[in-house]
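Residue-level listing of the chains:
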Amino acid sequence: MFKRIIVTGGCGFIGSNFVHHVAREHPDVHITVLDKLTYAGNPENISDLPTDRVELVVGDICDAALVDSLASHADAIVHFAAESHNDNSIADPRPFLETNVEGTYTLLEAARAHGVRFHHVSTDEVYGDLALDDPARFTEETPYHPSSPYSSTKAASDMLVRAWYRTYHVPVTISNCSNNYGPYQHIEKFIPRQITNLLIGGRAKLYGDGKNVRDWIHTEDHSSAVWEILTRGRLGETYLIGADGERANIDVLRAILERMGHDPNDFDWVRDRPGHDRRYAIDATKLTTELGWRPTHTDFSAGLDDTIAWYRSHKAWWLPAKEETETRYLQQGQ
Ligand code: NAD
Ligand code: DAU
């Protein structure tokens, strides 16, 4: 199978968890991480891995010469790199267009030139949102209806991947996953923001009425699904990844407060996100029936405890970014 893979965004949250997963489960695979090391990328996330098997190239996925040269020595590209945070995309959309759209285009052209297998990591947000009382869940047939600058650039990147398959026969697959949680997640995101606020003696922050629903999956389960799709998925196909983890934000927040020894009502209601999607929900039937994939981290309470413990014991990892992240939120009234 694949012996030399490029992982874009491998110093970010999900990318670095995937690199750990592959290094542990498939030690015969050489991984070249291509990462620009934006505010969201941290080389420490993969610094414990053997350098003869995991190589870091610091660079931009929009750099066509660099990407072409790396692709000429690879047999697969697993594309995680992105600007990933909705609130940032509302404040300043331009980097999202550059990285998510132009970057994906640049990688696809390199994959085309060298006949390299391409797996595109995308999001359930391309489908827009569902009402709280709607029994429906997203499937691979749900029409695209993105809401935010972030999700619209991810939708655009998905369309490029589909077009490069149909027009140029680049060997692609796409996965659209729900909300991930686990170690190495940037503290701008919902779960680590609340945990680290409490760890520094601050207060938890809930947007709007708190009834918005997200469909949580442990990032380790996302990694195993991406590997299955990369190695056994049908070319040109899209697979939704999810683990039946629908939960209202207010319930997740109260669970964090209680597990960290706080009153579950002791938090701040803050300004809602403009255009805030109400509910996401994934139907992963295609992935489970066709490839036999199953999530293994299905106990959300246990996963939350592990995640809280990870942030407790990795203060040096997140503390340097805390003040800047919270200043940004304060300016937005959040
Ligand atoms: P992240 O923001 O934690 O990490 C993004 C990584 O990409 C960082 O290491 C960053 O330095 C790198 N990067 C950004 N721009 C780059 C560029 N131009 N060139 C090279 N590297 C660049 O993101 P994440 O949450 O780990 O998400 C990874 C992927 O998974 C994204 O494509 C995202 O759309 C998708 N996704 C995320 C979730 C989630 O819950 N976080 C769910 C489904 C899908
Ligand atoms: O669904 C997959 C998507 O999940 C990914 O594509 C994105 O890259 C990832 O960032 C995530 O998007 P969300 O916008 O759902 O995640 P976020 O962590 O920003 O927020 C989760 C929910 O929590 C959302 O409804 C907004 C709310 N929220 C967020 C923050 C940061 C709060 O109530 N308070 C907060 O402080």
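This write-up is about the structure you can find in this document. These numbers were taken from a predicted model, which means no experiment stands behind them.

### Comments concerning the side chain of T173
Now for step 1: Along the chain, the position of T173 falls in strand β6 (residues 172–177).
Now for step 2: At 2.8 Å, the side chain of T173 forms a polar contact with the side chain of H119.
Now for step 3: The residues touching T173, leaving out its near neighbours within four places in the chain, are R117, F118, H119, H120, I229, G233, R234, L235 and E237.

### Re the site of ligand 2
Now for step 1: Inspection of the region around ligand 2 gives 25 residues, with T123, D124, Y150, R273 and H276 positioned closest.
Now for step 2: Separating an oxygen atom of ligand 2 from a side-chain N or O atom of R193 is a distance of 2.7 Å.
Now for step 3: At 2.9 Å, a side-chain N or O of N249 approaches an oxygen atom of ligand 2.
Now for step 4: About the coverage of ligand 2: the protein hides 94% of its 690 Å² of free accessible area.
Now for step 5: Listing elements by their share of the shell around ligand 2, those giving two or more residues are α6 (190–199) and β8 (204–207).
Now for step 6: For the shell around ligand 2, the per-class residue count stands at seven nonpolar, 10 polar and eight charged.

### With respect to the site of ligand 1
Now for step 1: Lining the immediate environment of ligand 1, one finds 28 residues, of which I14, D35, S84, Y150 and K154 sit closest.
Now for step 2: Side-chain polar atom of D35 to an oxygen atom of ligand 1: 2.6 Å apart, as the coordinates give it.
Now for step 3: Relative to its free-state accessible area of 840 Å², ligand 1 is covered by the protein chains to the extent of 97%.
Now for step 4: Sort the elements by how many residues they give to the shell around ligand 1 and strand β5 (residues 117–123) lands first, with three residues.
Now for step 5: Of the residues that constitute the shell around ligand 1, the class distribution is 12 nonpolar, 12 polar and four charged.

### Side note on the packing of α6 against helix α11 (residues 315–331)
Now for step 1: α11 packs onto α6 with a crossing angle of 100 degrees between their chain directions and a minimal axis gap of 11 Å. When the interaxial angle is binned, α6 and α11 end up roughly perpendicular. Of the residues in α11, those in contact with R193, T196, N197 and L199 of α6 are K315, W318, K322, E326 and Y329.
Now for step 2: For the contact of α6 with α11, the per-class residue count stands at three nonpolar, two polar and four charged.

### A closer look at the packing of helix α4 (residues 94–114) against helix α5 (residues 149–168)
Now for step 1: Contact pair α4 / α5: the axes reach a minimum separation of 8 Å and the direction vectors enclose 15 degrees. With respect to their mutual orientation, α4 and α5 come out roughly parallel. Seen from above, α4 lies across α5 with right-handed handedness. Packed against α4, whose contacting residues are F96, L97, N100, V101, T104, Y105, L108, E109 and R112, the element α5 presents Y150, T153, K154, A156, S157, L160, V161, W164 and Y168 at the interface.
Now for step 2: For the contact of α4 with α5, the per-class residue count stands at 11 nonpolar, four polar and three charged.

### With respect to the sheet that holds strand β4 (residues 76–79)
Now for step 1: Spatially, seven strands are ordered β3-β2-β1-β4-β5-β6-β11 in an open sheet, and the strand pairing comes out parallel. The open sheet is flanked by β3 (54–58) and β11 (238–241), the only strands paired with a single partner. Within this sheet the neighbouring strands show an average axis-to-axis angle of 20 degrees, counted without direction.
Now for step 2: Where strand β1 (residues 4–8) and β4 come together, four bridges link them in parallel fashion.

### Some thoughts on the environment of Y181
Now for step 1: Mapped onto the secondary structure, Y181 falls in strand β7 (residues 180–181).
Now for step 2: The spacing of Y181 and P43 is 138 residues in sequence and 19 Å in space, taken between C-alpha atoms.
Now for step 3: Contacts of Y181, omitting those with residues within four sequence positions, involve F13, I191, W216, I217, H218, T219, H297, D299, F300, G303, L304 and T307.

### Side note on the packing of aromatic side chains
Now for step 1: Under the defined criterion, the tally for this structure stands at 16 aromatic pairs.
Now for step 2: With 6.3 Å between their ring centres and 70 degrees between their planes, Y311 and W317 make a pair best called edge-to-face. Note on accessibility: Y311 and W317 belong to one class, buried.
Now for step 3: Taking the ring centre of Y329 as reference, the NZ or CZ of R193 above it sits at 3.8 Å.

Cut-offs used in this document
Residues numbered from 1 in each chain as written. Chains lettered and ligands numbered in written order. Predicted model: local features only at pLDDT ≥ 70, side-chain atom pairs only at ≥ 80, totals over all residues. Heavy atoms only, no water. Helix = DSSP H or I, 4+ residues; strand = E, 2+ residues; numbered from the N terminus. Polar contact = N/O pair within 3.5 Å; in protein donor to acceptor, adjacent residues only side chain to side chain. Contact = heavy atoms within 4.5 Å. Near = heavy atom within 4 Å. Areas by Shrake-Rupley, 256 points an atom, 1.4 Å probe, with all protein chains shown as cover. Nonpolar A, V, L, I, M, F, W, Y, C, P; charged D, E, K, R; others polar. Axes fitted to C-alpha atoms, helices over the stretch in contact; angles between N-to-C directions. Parallel < 35°, antiparallel > 145°, perpendicular 65-115°, else oblique. Left-handed = near helix turned anticlockwise from the far one by under 90°. Pairing = 2+ DSSP bridges. Phe/Tyr/Trp six-rings, centres within 6.5 Å; stacked < 30°, edge-to-face > 60°. Buried < 20%, exposed > 50% of the residue type's maximum accessible area, 1.4 Å probe, protein only. Lys NZ or Arg CZ within 6 Å of the ring centre and 35° of its normal.

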